[in-house]
Amino acid sequence: MTEDELFERALAARQRAYARYSSFLVGAALEDESGAVHVGCNVENAAYPVGTCAEAGAISAMRAAGGQTIRRIAVVGGLADAAGTVFCAPCGACRQRIAEFADANTQVLLRDDLGAVRRFDSGSLLPAAFGPADVLPTSAVKG
Ligand code: THU
């Protein structure tokens, strides 16, 4: 799948976002190690902290479908009443979520509505991350 196609999947997911409290609609589309694509959108809640981010939804969909590693994740977001999207950087919690399923090649892709793309290694978004290797015995780290 091309990068543009991955962004199109993220934009389609964004249209399903449930963001009635913030009006900030986010979509995420990730490609796993097999090339399968999984999407998510933010789903807010009247009890505000209970809301979930688009990236969390996409990662949950990946796991449910059997995917294990994020090869690329495209994120698009912006206010519902604005013309389009802005660079929507993953929040801190989502950087941690992405890191859990990232490897050295995992890319995080952001795009605004003018089509400009910013690309990050997952590691650069969360340097010195706390991760599986800190918790698990070495033999159990992968998977
Ligand atoms: N949001 C995401 O879904 N992903 C991000 O990377 C940043 C923020 C959501 C959470 C909340 O529903 C809304 O955007 C405004 O913060």
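Here the structure is shown first, and the text comes after it.
What counts, and where the lines are drawn
Residues numbered from 1 in each chain as written. Predicted model: local features only at pLDDT ≥ 70, side-chain atom pairs only at ≥ 80, totals over all residues. Heavy atoms only, no water. Helix = DSSP H or I, 4+ residues; strand = E, 2+ residues; numbered from the N terminus. Rg over C-alpha atoms; globule rule 2.2 N^0.38 Å. Buried < 20%, exposed > 50% of the residue type's maximum accessible area, 1.4 Å probe, protein only. Contact = heavy atoms within 4.5 Å. Areas by Shrake-Rupley, 256 points an atom, 1.4 Å probe, with all protein chains shown as cover. Lys, Arg positive; Asp, Glu negative; His and termini not counted. Charge placed at Lys NZ, Arg CZ, Asp CG, Glu CD. Salt bridge = Lys/Arg side-chain N within 4 Å of Asp/Glu carboxyl O. Axes fitted to C-alpha atoms, helices over the stretch in contact; angles between N-to-C directions. Parallel < 35°, antiparallel > 145°, perpendicular 65-115°, else oblique. Left-handed = near helix turned anticlockwise from the far one by under 90°.

Which parts of the structure should I look at to understand the overall build of the chain?
What the chain contains, in helices and strands, is five helices and five strands. Along the chain, helices (α) and strands (β) appear in the sequence α-β-β-α-β-α-β-β-α-α when read from the amino end. Taking 15 Å as the expected radius of gyration for a compact globule of 143 residues, we find that the chain reaches 15 Å, a close match to that expectation. Taken along the three principal axes of its C-alpha coordinates, the chain extends 50 × 35 × 30 Å. Here the chain holds 143 residues, and 37% of them are scored as buried. Intrachain contacts of the chain at a sequence separation of at least 6 include 62% that bridge at least 24 residues. As displayed, the chain has an accessible area near 7700 Å², and 54% of this comes from carbon and sulfur atoms. Positive and negative side-chain charges of the chain, numbering 13 and 16 respectively, have mean locations separated by a distance of 3 Å.

How should I be thinking about the pattern of salt bridges in this particular structure?
By the definition in use, this model includes five salt bridges. In this structure, D4 and R111 form a salt bridge, with 3.4 Å as the shortest nitrogen-oxygen distance. Placement of D4 in helix α1 (residues 3–14) and of R111 in strand β4 (residues 107–111) is noted, with a sequence separation of 107 residues between them. Judged by its relative accessible area of 12%, R111 is buried. A salt bridge links R72 to E31; its shortest N-O distance comes to 3.1 Å. Of this pair, R72 sits in strand β3 (residues 70–79) while E31 sits in strand β1 (residues 24–32); the two residues are 41 residues apart in sequence, bridging distant segments of the chain. Pair check on accessibility: R72 and E31 agree, each one buried.

I would appreciate a short explanation of the packing of helix α2 (residues 54–65) against helix α3 (residues 92–100) in the present structure.
How two helices sit against one another is set out by the angle between their axes and by the gap between those axes. The contact between α2 and α3 brings their axes to 9 Å, and the two run at 20 degrees. Compared by their axis directions, α2 and α3 come out roughly parallel. The interaxial crossing formed by α2 with α3 has left-handed handedness. Contact residues: α2 offers E55, A56 and I59, while α3 offers C94, R97 and I98.

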